[in-house]
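# Observations on chain architecture
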Number of protein chains: 2
Amino acid sequence: MTGGRTRTGRPTRTGNAESAGAAAAVRVSAPATIGNIACGFDVFGMAVEQPCDAVVARAAPEPGVNIERITGDVGPIPGDPARNSAGAAARAVLEMAGADSAGLALELHKGIPLAGGMGGSASSAVVGAVAADQVIRAGLSRRQLLRCAVAGELAGSGSPAADNVAPALYGGIVLVLPGKTLQVVELPVPDELWVVVVRPHLETRTEDARRVLGEHVPLKAAVTQWANTAAFTAGLYACDWDLISRSIRDVVAEPLRAGRIPGFARAREAAMTRGALGFSISGSGPSVFALCRGRETAEDVAAGIRWAFGETAALDCEAYVSPVNRDGVRVEDVKAEED
Amino acid sequence: MTGGRTRTGRPTRTGNAESAGAAAAVRVSAPATIGNIACGFDVFGMAVEQPCDAVVARAAPEPGVNIERITGDVGPIPGDPARNSAGAAARAVLEMAGADSAGLALELHKGIPLAGGMGGSASSAVVGAVAADQVIRAGLSRRQLLRCAVAGELAGSGSPAADNVAPALYGGIVLVLPGKTLQVVELPVPDELWVVVVRPHLETRTEDARRVLGEHVPLKAAVTQWANTAAFTAGLYACDWDLISRSIRDVVAEPLRAGRIPGFARAREAAMTRGALGFSISGSGPSVFALCRGRETAEDVAAGIRWAFGETAALDCEAYVSPVNRDGVRVEDVKAEED
């Protein structure tokens, strides 16, 4: 590895697009994320170690952003940088930096399954924004990068929600406060916290998943939900596993969405009987997640969930088992012209 | 003071009703409380230093609970111990302790204004439960005392909610998790946190205040609310004043209830321009509260709120300024037969 690995949640370089020695090529990766974390619909998100999206970006002579290649789980992702979350986020960075004449060529690798509820669009937006910032040495702040990545997420997925973007950028477990200020609270991550994400081979659409919720929530369910977001937060600060476990419940979205995931109830049962702290839908699904204390339990829970989806619904799955990703976006193999 | 002051949130004496040397007379007081704390409708509550309800209880020859006198802000409080929250809570203790033959005489002093939204009924329930436990030396656990006080609150106010009862008993700032288990999470209290409670002379009914809410909440408001309960919790743990301030907002109940309190908008404006962290309705009103950093700001905010109610709505008020009460229920001047 020539350039080493640096965290860019807090950018490590500053400068501007016109300075000499701009990076020739940079590889940036950002992790999959779990939106909602059960109780915190649209406000909680957490990053996992695997899978990741990545981009290789280099300066190009022609102004603007050009997506040269998309590999991996490509599906129907548009190559048009205005409608692709990585491209749109990169464009937002050029615009914010006032780098009208800068040119950027991107090769995007989609490691995160499409339409899985694992924040793939948000991760692409994050790598697009950070890669652009690195290549043109714009030196944008974390908050500015977040704003650009959210613009990318909006272009790519149609949603301006930051509950996937923020953890993909910052890592860890975050609380995103609603409103235009994009305020993000980074919550403590207990050392032994492990995450299982399982994606059954099943396609659902985020827009459908939103529509099924309607525009109102029963007051009683809402009270339970806001008690649980407070309890989950307290559980993380106090490292109180019982409280964490008790609060990973979604009485608002899950009851309306779980029916779209065959085998969901059995998968939950499999997870909980194997010692998961909690189990729910990842984002708008169809992926599911479980939080566990320790690797061994997590491996066992993952096997149980896979088994349940196969047995009950004849669904193949990918399962990812990892600790919480604490770093967020990563910049690797930076090759500057001075090298 | 003969018996000193002890905390009984965690009971300091054990024994049972039949043991020799049961206390002849005990004085127990419990503080007013602010339910909801803006964002946490039905789940957050906090105790203040003033005002308080108190009871003087002594063993009596005839079995059962007898309320001999009610002083202070008496209003329409029933003397029938089955419908009076202190009496009903005391009865629940006798029953839980299996003390069928025990007799208890209560003198109840209502220091907390009636129907003010300051948790007066809950405080009476707490003093009733703890006084009974002390006099008969039942040695009930905190959780058992909470359960008995909630039974008293239900008898007195018609509501089984514990968001006033729990802070009156434990002190501090608490999160009450919905459900039959009555789980209470005690949250950290920043040292400089001061509280202003102002009660305009205006009568409203808790049941009306509930009815106005309806049974559904707009999803968007609910999302804001559960972001804010998480943010308030994080703010308390991290002692982050900005976050605390940003999260003391109620977009669910306050918009529907504030119209019942003349001068509310001006009172808020007066509080916020004088540096309050946040301002909202205390419980179901008509009292309002403000959280402040430090005594000086709190005194200034209290004066501003009083002025606004007087100026705008020609309403007299009582204002109470205190730090958060950290002790909850207090047992004073215990005179045991051995003395």
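Please read all numbers here as calculations on a predicted model, not as lab measurements.

### A look at the packing of helix H1 (residues 85-96) of chain A against helix H2 (residues 120-135) of chain A
Geometry of a packed helix pair, given as the angle between the helix axes and the separation of the axes. All names here are of chain A. The geometry of H1 relative to H2 is characterised by a closest axis approach of 7 Å and an angle of 35° between their N-to-C directions. Considering how the two elements wind past one another, H1 and H2 form a crossing that is right-handed. Residues Ser85, Ala86, Ala89, Ala90 and Val93 of H1 pack against Ser121, Ser124, Ala125, Gly128, Ala129, Ala132 and Asp133 of H2. Here the residues of the contact of H1 with H2 sort into seven nonpolar, four polar and one charged.

### Things to note about the pattern of salt bridges
All names here are of chain A. Scanning the entire structure with this criterion turns up 22 salt bridges over all chains. The closest approach of N and O atoms between Glu192 and Arg293, which form a salt bridge, is 3.1 Å. One end of the pair, Glu192, is in the loop between strand S7 (184-187) and strand S8 (193-200); the other, Arg293, is in strand S11 (residues 288-293), and 101 residues separate them in sequence. The partly exposed category is assigned to Arg293, whose relative accessible area is 42%. Shared partners join several salt bridges into a network, and the residues in it are Glu49, Asp327 and Arg330.

### Re the packing of aromatic side chains
All names here are of chain A. In total, this model carries five aromatic pairs over all chains according to the counting rule given. Taking 5.2 Å as the distance between ring centres and 50° as the angle between the ring planes, the aromatic pair formed by Phe264 and Phe279 counts as tilted. Of the two residues, Phe264 is situated in helix H9 (residues 264-273) and Phe279 in strand S10 (residues 278-281); the sequence distance between them amounts to 15 residues. The aromatic ring of Tyr170 is capped on one face by Arg142, whose charged end is 3.8 Å from the ring centroid.

### Considering the sheet that holds strand S11 (residues 288-293) of chain B
Residues and elements named next belong to chain B. Strand order in this open sheet of four strands is S10-S11-S8-S12, and the pairing throughout is antiparallel. On the outer flanks of this sheet lie strand S10 (278-281) and strand S12 (317-323), each paired with one strand and no other. Sheet twist, expressed as the mean angle between neighbouring strand axes with direction ignored, is 15°.

### A word on the relation of the copies chain A and chain B
Taken as rigid bodies, chain A and chain B are interconverted by a rotation of 180° and an axial shift of 0.0 Å, the fit giving an RMSD of 0.0 Å. Such values leave the two copies arranged in the relation of a two-fold axis. Comparing contact sets, 100% of the residues at the interface of chain A also lie at the interface in chain B, consistent with an isologous, same-surface contact.

### What to know about the environment of A:Ile34
The topology assignment puts A:Ile34 in strand S2 (residues 23-35). Those residues in contact with A:Ile34 that lie beyond four places of it in its chain are A:Phe44, A:Gly45, A:Met46, A:Val48, A:Asn164, A:Val195, A:Val197, A:Ser282 and A:Phe289.

### Things to note about the packing of H2(A) against helix H3 (residues 142-157) of chain A
Residue and element names in this part refer to chain A. For the pair H2 and H3, interaxial distance at closest approach is 8 Å and the crossing angle is 135°. The angle between H2 and H3 falls in the class oblique. At the point where H2 passes H3, the crossing takes the right-handed sense. Contacts between H2 and H3 involve Ser121, Ala122, Ala125, Val126, Ala129, Val130 and Asp133 on the former and, on the latter, Leu145, Cys148, Ala149, Gly152, Glu153, Gly156 and Ser157. Within the contact of H2 with H3, the residues separate by chemical class into eight nonpolar, four polar and two charged.

### A few points about the interface of chain A and chain B
At the junction of the two partners, chain A supplies 37 residues and chain B supplies 37 residues. Surface buried jointly by chain A and chain B totals about 2,800 Å² across both partners, of which 76% is contributed by carbon and sulfur atoms. Among the residues chain A hides against chain B, the three largest losses belong to A:Leu219, A:Trp226 and A:Arg246. Together they make up 25% of the total. Along the contact surface separating chain A from chain B lie zero salt bridges. At the junction of chain A and chain B, the tally comes to 12 residue pairs in polar contact (both at pLDDT 80 or more). When residues of the side of chain A that touches chain B are traced back to their parent elements, those giving at least two are strand S6 (173-176), S7, strand S9 (216-218), helix H6 (219-238) and helix H7 (241-247) of chain A. In terms of residues, the side of chain A that touches chain B owes the most to one element, H6(A), which gives 14 residues.

### Here's the deal with the environment of A:Glu107
Residue and element names in this part refer to chain A. In this structure, Glu107 sits in strand S5 (residues 103-110). Given a relative accessible area of 30%, Glu107 falls into the partly exposed group. Note: C-alpha distance between Glu107 and Ala57 (50 residues apart in sequence) is 6.4 Å. Apart from the residues within four sequence positions on either side, Glu107 is in contact with Ala54, Val55, Val56, Glu68 and Arg69. At 3.4 Å, the side chain of Glu107 and the side chain of Arg69 are in polar contact.

The rules we used
Residues numbered from 1 in each chain as written. Chains lettered and ligands numbered in written order. Predicted model: local features only at pLDDT ≥ 70, side-chain atom pairs only at ≥ 80, totals over all residues. Heavy atoms only, no water. Axes fitted to C-alpha atoms, helices over the stretch in contact; angles between N-to-C directions. Helix = DSSP H or I, 4+ residues; strand = E, 2+ residues; numbered from the N terminus. Left-handed = near helix turned anticlockwise from the far one by under 90°. Contact = heavy atoms within 4.5 Å. Nonpolar A, V, L, I, M, F, W, Y, C, P; charged D, E, K, R; others polar. Salt bridge = Lys/Arg side-chain N within 4 Å of Asp/Glu carboxyl O. Buried < 20%, exposed > 50% of the residue type's maximum accessible area, 1.4 Å probe, protein only. Phe/Tyr/Trp six-rings, centres within 6.5 Å; stacked < 30°, edge-to-face > 60°. Lys NZ or Arg CZ within 6 Å of the ring centre and 35° of its normal. Pairing = 2+ DSSP bridges. Least-squares fit on C-alpha atoms with pLDDT ≥ 70 in both. Parallel < 35°, antiparallel > 145°, perpendicular 65-115°, else oblique. Buried area = accessible area lost by both parts, 1.4 Å probe. Polar contact = N/O pair within 3.5 Å; in protein donor to acceptor, adjacent residues only side chain to side chain.

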